[in-house]
Amino acid sequence: MKGLAGGRGRDRLKAARLSPRDVAHVGSSGLRSRPMRVVLSALGIAIGIATMISVVGISASSQAQLLRELDKLGTNLLVASPGESMFAGEEVKLPEESVGMVGRIEGVQDVGATADLNATVRRTEKVDEDDTGGIAVKATTAGLLRVLRGGVGSGGWLNAATGRYPSVVLGHVAAERLGITEPGRQVWLGDRYFTVVGILDPLPLAPEIERSALVGWEGAKRLLAFDGHPTSVYERSADAAVEDVRKVMAATVDPQNPQNVQVTDPSSALRAKAATEGAFSSLLLGLGGIALLVGGVGVANTMIISVLERRYEIGLRRSLGATRGQIRIQFVTESLMLSGLGGLAGVALGAAATGVYAHSGGLPWVVPLWAVAGGFGATLAIGTVAGLYPAVRASRLSPTLALHAA
């Protein structure tokens, strides 16, 4: 009988277990009773997460746009141009036949060339000759636009007919600087008027063409005293043949002096930009992390105040049999919910900010899943840490002293 009574006593003293539903209910009770405080506390977390998500999202969207451009423009373009001569003061010129020689390299698909001309282009002859606006004048072969995978925004490209006469195609930057918005206008080039027959679309792989006025190869010889030596030879090869072409291109362009030929890859700049797009975002990520920590301090402060204000509730629950562990679980759960609400709001705000930026700039909307998962996981970690001390403090309150103080 005595053992039975002792067993019943232990059963009576055994605390009831809380189900996940009960934990969620008691954990959210404090949030429901103080909605304004919850909003203000969660706001700090939301700002930090929104900053981090938007920074990563904007960087990823810009990078995706660059990679999309690279995919469209290709990475199989090489350019040969004059390098520096071994003899100081000696001008390096590419041979006249270099364009045809490059076209015979195995794997080369298209070849084009330009040559810098000693001429200026102005809106009228009344404009000062020194006021060039940074616009270069170049002779060009008919195949250049195909090699660059460029397009004509308005008008047309130089052909066998227009390339022999006073006709010019403007890069889109050159057209803006000259104030030319449509074909058919005339510009003063050299010592006569040339008719604008076309305006090019932007050329990310050839910014020098964007800032140039282009005349036909034969027309430049007849009208502008062009000597026929190219300044830049552009070639487009099969992807698998790029490295092989690069190795022999200098020697092909100028067999006698290959050391005077410089071979470059225009797409490397875009690739480097895509690779380093997120470098500057590190600073902003750091600022977002600081905002997140400040938000965590705000959550901890809110929870401590909540413990002080709810001593009567804690004492009553302890008197009714709640264990210290259950009190700790209640307040940690409340802290997690508070941080989680801020995290969800921050993810939504960050994704929305990225969407607005991407839409305004014509970029693809990219929000990396790892950023969302990492950001939300950080809020839960901060919520747990921020709630530990208040939870431990609450669990250590004596039921008698808590009820007496209340």
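Everything below is about the structure shown above.
Bear in mind that the values here come from a model prediction, so they are computed numbers and not experimental data. (Residues numbered from 1 in each chain as written. Predicted model: local features only at pLDDT ≥ 70, side-chain atom pairs only at ≥ 80, totals over all residues. Heavy atoms only, no water.)

*Asks:* Requested: an account of the overall build of the chain, with residues and values cited.
*Replies:* If you tally the helices and strands in the chain, you get 15 helices and eleven strands. Taking all 406 residues of the chain together, 44% fall into the buried category. Of all intrachain contacts in the chain linking residues separated by at least 6 positions in sequence, the fraction that spans at least 24 positions is 82%. A total of about 20900 Å² of accessible surface is found on the chain, and carbon and sulfur atoms cover 59% of it. (Helix = DSSP H or I, 4+ residues; strand = E, 2+ residues; numbered from the N terminus. Buried < 20%, exposed > 50% of the residue type's maximum accessible area, 1.4 Å probe, protein only. Contact = heavy atoms within 4.5 Å. Areas by Shrake-Rupley, 256 points an atom, 1.4 Å probe, with all protein chains shown as cover.)

*Asks:* Lay out helix H12 (residues 311-319) with the relevant residues and their values.
*Replies:* Within the sequence span of H12, burial applies to Ile314, Gly315, Arg317 and Arg318. Seen from one end, H12 has its buried residues packed into an arc of 165 degrees, which puts them on one side. At the C-terminal side of H12, Gly321 shows a positive phi close to 115 degrees. (Arc of directions from axis to C-beta.)

*Asks:* So, unusual backbone geometry: which residues are in play, and what are the values?
*Replies:* In this structure, Arg149 takes a positive phi of about 55 degrees despite not being glycine. Owing to a relative accessible area of 42%, Arg149 belongs among the partly exposed residues under this scheme. One non-glycine residue, Ala225, lies in the positive phi region at around 60 degrees. As for its position among the elements, Ala225 is in the loop between helix H8 (217-223) and strand E10 (232-237).

*Asks:* Requested: an account of the environment of Gly228, with residues and values cited.
*Replies:* Tracing the backbone shows Gly228 in the loop between H8 and E10. Separated by 132 residues in the primary sequence, Gly228 and Glu96 have C-alpha atoms spaced 5.7 Å apart. Aside from chain neighbours lying at most four places away, what touches Gly228 is Glu96, Trp217 and Lys221.

*Asks:* Account for the nonpolar core, with residues named and values stated.
*Replies:* Core analysis: the largest hydrophobic core is formed by 42 residues, its most contacted members being Val168 and Leu189. Residue contributions to this core peak at five residues, all from helix H9 (residues 242-253). With sequence-adjacent residues up to four places away left out, Leu189 is seen in contact with Ala119, Thr120, Val121, Val137, Val168, Phe194, Ala213, Val215 and Leu224. Among the nonpolar cores identified, the runner-up in size contains 23 residues, and Ala322, Leu338, Ile382 and Ala386 belong to it. (Core = buried A, V, L, I, M, F, W, Y, C linked by side-chain atoms within 4.5 Å.)

*Asks:* Residue-level account of the packing of aromatic side chains, with values.
*Replies:* All chains considered together, the criterion is met by two aromatic pairs. Ring centres of Trp188 and Tyr193 lie 4.9 Å apart, and the angle between their planes is 80 degrees; on these two criteria the pair is classed as edge-to-face. Ring centres of Trp217 and Phe226 lie 4.9 Å apart, and the angle between their planes is 90 degrees; on these two criteria the pair is classed as edge-to-face. As far as burial versus exposure is concerned, Trp217 and Phe226 are alike and both buried. (Phe/Tyr/Trp six-rings, centres within 6.5 Å; stacked < 30°, edge-to-face > 60°.)

*Asks:* I'd like a description of a negative patch on the surface, backed by residues and values.
*Replies:* A cluster of like negative charges, contributed by Asp128, Glu129, Asp130 and Asp131, occupies part of the molecular surface. Tracing the sequence through the fold places Asp131 in the loop between strand E3 (121-122) and strand E4 (136-140). (Patch = residues over 30% accessible without salt bridge, like charges linked within 9 Å, V, L, I, M, F, W, Y side chains within 5 Å. Salt bridge = Lys/Arg side-chain N within 4 Å of Asp/Glu carboxyl O. Lys, Arg positive; Asp, Glu negative; His and termini not counted. Charge placed at Lys NZ, Arg CZ, Asp CG, Glu CD.)

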